[in-house]
Structure formats: structure tokens, C-alpha cells
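Given next are the chains, with one letter for each unit.
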Protein chains: 2
Amino acid sequence: MFGSGPLIGVFDSGVGGLTVVAALRRRLPAATILYLGDTARLPYGTKSRRTVLGYTRANVDFLERRGVDALVVACNTASAMALEDLDLRTPHWGVLEPGASSAVAAAGRHVGVIATESTVRSGAYEHAIRRLNPELLVSQRACPLLVPLVEEGWEDDEITERIVGRYLEPLLEAKIDTLLLGCTHYPLLRGVLERVCGPGVSLVDSAESTSQAVARQFPKGDGHGGSAPKAPGVRLFATDAGSRFARLAERILGEPVALEWVDVNETGMQTQEVDVR
Amino acid sequence: MFGSGPLIGVFDSGVGGLTVVAALRRRLPAATILYLGDTARLPYGTKSRRTVLGYTRANVDFLERRGVDALVVACNTASAMALEDLDLRTPHWGVLEPGASSAVAAAGRHVGVIATESTVRSGAYEHAIRRLNPELLVSQRACPLLVPLVEEGWEDDEITERIVGRYLEPLLEAKIDTLLLGCTHYPLLRGVLERVCGPGVSLVDSAESTSQAVARQFPKGDGHGGSAPKAPGVRLFATDAGSRFARLAERILGEPVALEWVDVNETGMQTQEVDVR
């Protein structure tokens, strides 16, 4: 199934990273994308650095063994807590730096960041933004219920709007002018977020800026190019097979999906593939 | 630390099973309890049978290697999806049968069951209740947001009440007279559930009935009794160390807790203990 374009490996704890895949497909239509959702161990956002590091290593090994030309860690928690400890030889991107630089480009004076508990606790966005522009004010807020609300399918719901309102209240009172969506699930809440924030706040997500950074690496849509040209596409792997994943994946990618179930052991040594269709 | 009372191993995916531990301590004050929360891989309630079975096996192995006299699977999802496939020699209880028999004892005509997605999908409560009394009507509802709401600390919150109201609406319209709380987190929502249900619905949880079933096995509070008498107590293990777990554990048990971090490999072969204090 590999075309003449690059082979790009993307992983996230769940389905959220597919917002990055959708953006990558628009920019690199010749690329083939292997996507791994570590759904057997999600969420990462409430777990410790040690745990997230072990999971990230196993997921990256799984994708590297498939010979990817580039790796995208499309999980903010893993980008913030684990990516720099991995010592990767494959060209790779997290979603953190691209998100931070988009926020800096959009910002007036005060950037609000919403993310999972672990990402907020790591302070990674705050550091990344301050590194690019030390003059900016940065305020963060952990929003642990937003991922479960998206997974429940309540993205455009009045209860979700009230929960978002409660989470954002201190940021809006502090007069943020830019809101960075620091979790790949959050672009699915864009409608609700826009209503709660009003027109005075720019929303920035890392899906677009990450895909832009990756596309710069492959100016001609070119990868290893060894195999015969075939249709490019997305191949989806998940460590747990659930109907939720497929349902949300179809909504994000806008096309029917087939899901392969894989066992990604934490040691990264044993991997067994099982087709769940 | 083992006293002359029984040594009882209890596990849950997270902190919810401590509602069973609190009930056990009231009934078996001489018992020592080893509690394992598989917080690195929670929640179980959205995952597949195969995944839940692997996790359950590893957790049970961890507790059996410590020589427990009895095992309590205080996780409804694991009780429903994995317990009967395990072939255990240690006396053991899930929370499903005790919960079902309490519901049958309390019921008039129509029992509502609220639980996680996986527990509902398994149909296990429905079967268990019908086995005990085939005349009863049983209606189920999956409530995936309730565990995250408890974990967020919003147990007594007006937003939680609205979400509970939405989940329970079809059950209340169908005129249930009894509501079985089919997840060990839900007893923490008792206040909100009582307000939403009103006085016409009896709430039943499995923590009390499970502890009763275990206590019958140890009529004199007696276990292997080999060691010198020392103070009984609870020893808490978690596969991921987070401040959330300790905070909720203290609220449920009503005393300060110390948490030990363990690595329960899915193969059940390697276990490494790390003290996180």
C-alpha cells in the first residue's frame, strides 16, 4: 500500500491525533500515513512522566520498525513529557513547538493555554512560548473533562458549553487575546470554544502548524520512494478495538475507516498484530 | 504489617474500589487489605474484553503472589468481562453478583442499572438479575462521563446533577423503582443521584453487599493467621502515581494514605516496586 510519497508515522493516545492526520493529508496528498492510537492505555493526560515515557517509547518503536521516514507525536502530553528523552534518529515532530509558535504569531499580549492535567503540570507550553517571546503573558488551565466529553460525542452540546465556560472563566477574566488548544481532541470543540470566547480571542491549534512543519521536510511530497507507486492513504492501528474509535475517526477524516488491532507491549519487544475486522 | 486477621487482596482500575475497602474495614476490622489501583491503564470501562482480561489477569497475579486469603475484583467492568475466565483457586468475589442480589432484594418491579459502556455492553447485570428473578424488568444506561466527573472532584456540583439528569431521564420516564449503581465510583455521587431520582427510587450499590459476602467467609475475622499479631490496615498500590489517586483515596477511606507505585506488567512476569513517597 505504500506509494511513492513519504511514509509518515503518527501516534496519539487515542483518536485526537487524527486532526493532525487530516491536516497532513491536505498538505501532503502523496504521503502514506501509519496512525497508531494507544487506546488500550488512554488517557495519557492524567498519568505520570514515567508511565507516559514508557508508553511513548513502545509506540515510537512500533512505527520505526515499519520504516517510517518521519514521526509525528500527535499527543500533547507525550510531546510535553517524553519526546526529548527519546533520542530518535528518524526526523520527528511533536505538536508542542508548532503549537507554541502559532500562538506566538497570533498573540497580542496574553496567551491562554488549555490542555490536560499532565501537560499543564509539565509547564511545557509556557516554556516554549516564553522561549519564543519572553514578553508574552501566559496563563494555563487544565480541562480534564473535555476529552471525555468529545469521546461521548457531546462536542456541540449545551452542557459542554457550560463546562467549557467554567474552565475558561479565569482565562477570560484575565483578558487573554489568544487561546492555544493544547490537546489534539480540542479542535473538535472549536464551535463551543468560539461561542464561549467570543470574537475578541483568536483560537490556535497545533494540527495545522504541525502539518506545515512536516510538509517543509518533504517539499516534493517525496519519501524513500523505493516501492512501486500505489495509492497513498491512511492505515489505522489501535491497541484496543472499540466502536468509539472508528466512529470518531470517520468523523475527523471524513471517510470510512478500517482499524487494525495491535498489541504494543511496553517493553517494545513483542508486537502482535490482529485484524479486528 | 500482617495481623492475625485475613489478608484480602482488592483491585480496581482506579480509586473507586476503595468504596468496597471502606465497607470491608467496617465488617472485618482485623483484616489486612492489599489494594491495587491499575491507574496506569484506567479506565477499563471503554475498553475491549481482550484488553480487560489481560489487565485483570496481571492484577490478580500481583495480589496472589502476595499470598492473599481472598480476592475481591472491585471493578465492575473486570467483574463483568473477565472474572469467570480466570480460573482462580483463591476464594474470590466480583462486585457483580452481590450488586445484583441487593438490587433484586430491594426491587419492586423495575430495576435501572447505570454503569460504564463496557459493563452495559456485556449485559452481565441484566443476566445476573434475571437469573435471580426472571419477573423483574431491567433497563440499563451507560454513563461514561460520571467517572471523569468524580475524578475531577465535581461529585456535588450542579453541572454533574444536569449530566446525571440527562443520563437518568429515560430510566425515570420508564418508572424504575430501584437504581443499581453498577460502578464502584458511583457511590461517591449518591447525593446527586438521590436528588435526581427523588424518594420513589431506592439506590443500591455493590460495596456493602460485596463486603457482606466476603465477611461471611471469615466469620471470626480469621485468615491464615500465621504471623505474629500486628496492627491490621490497608496497603495501597497503584500502577501510576498521581496526586488525584491519593486525594480521592483519603476522601473515601477518611484517613491519610501512603501510596506505593508498582509496575504490573501485562505478562504478569515482571513486577517492580517503587515507593513514590
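Residues numbered from 1 in each chain as written. Chains lettered and ligands numbered in written order. Predicted model: local features only at pLDDT ≥ 70, side-chain atom pairs only at ≥ 80, totals over all residues. Heavy atoms only, no water.

### Comments concerning the domain arrangement of chain A
Residues and elements named next belong to chain A. Splitting chain A by domain gives domain 1 (7–94 + 210–274) and domain 2 (96–206). For domain 1 and domain 2, the distance between their C-alpha centroids amounts to 23 Å. Counting residues at the interface gives 23 residues for domain 1 and 21 residues for domain 2. Summed over both partners, the interface of domain 1 with domain 2 buries about 1700 Å², with 52% contributed by carbon and sulfur atoms. (Domains from an automatic or database assignment. Contact = heavy atoms within 4.5 Å. Buried area = accessible area lost by both parts, 1.4 Å probe.)

### With respect to the side chain of Asp38 of chain B
Residue and element names in this part refer to chain B. Locating Asp38 in the fold gives a position in the loop between β2 (32–37) and α2 (49–64). A polar side-chain atom of Asp38 sits 2.8 Å from a polar atom in the side chain of Thr239. Apart from residues lying up to four places away in sequence, Asp38 is in contact with Asp12, Ser13, Gly14, Tyr44, Tyr55, Asn59 and Thr239. (Helix = DSSP H or I, 4+ residues; strand = E, 2+ residues; numbered from the N terminus. Polar contact = N/O pair within 3.5 Å; in protein donor to acceptor, adjacent residues only side chain to side chain.)

### Some words on the interface of chain A and chain B
Contacts between the two partners involve 35 residues from chain A, matched on the other side by 35 residues from chain B. Interface area, chain A with chain B, both sides summed: about 3100 Å², of which 49% is carbon and sulfur. The interface formed by chain A and chain B includes 4 salt bridges. Where Arg162 of chain A meets Glu158 of chain B, a salt bridge forms, and the shortest distance between an N and an O atom there is 2.8 Å. (Salt bridge = Lys/Arg side-chain N within 4 Å of Asp/Glu carboxyl O.)

### Description of the nonpolar core
Among the nonpolar cores identified, the biggest contains 112 residues, and Leu179 of chain A together with Leu179 of chain B are the most heavily contacted of them. In this structure, Leu179 of chain A is in contact with Gly112, Val113, Ile114, Leu168, Leu171, Leu193, Cys197, Val201, Ser202, Leu203 and Val204 of chain A, ignoring residues within four places of it in sequence. (Core = buried A, V, L, I, M, F, W, Y, C linked by side-chain atoms within 4.5 Å. Buried < 20%, exposed > 50% of the residue type's maximum accessible area, 1.4 Å probe, protein only.)

### Structural notes on the packing of aromatic side chains
All names here are of chain A. One pass over the structure, following the stated rule, counts 7 aromatic pairs over all chains. Seen in terms of ring centroids, Tyr35 and Phe245 are 6.5 Å apart; in terms of plane orientation they differ by 40°. Their pairing is tilted. Taken as a pair, Tyr35 in strand β2 (residues 32–37) and Phe245 in helix α11 (residues 243–253) lie far apart in primary sequence, 210 residues in all. Accessibility assignment for this pair places Tyr35 and Phe245 in one class, buried. Where Phe62 meets Phe237, the ring centres are 5.2 Å apart and the plane angle is 80°; that geometry is what we call edge-to-face. (Phe/Tyr/Trp six-rings, centres within 6.5 Å; stacked < 30°, edge-to-face > 60°.)

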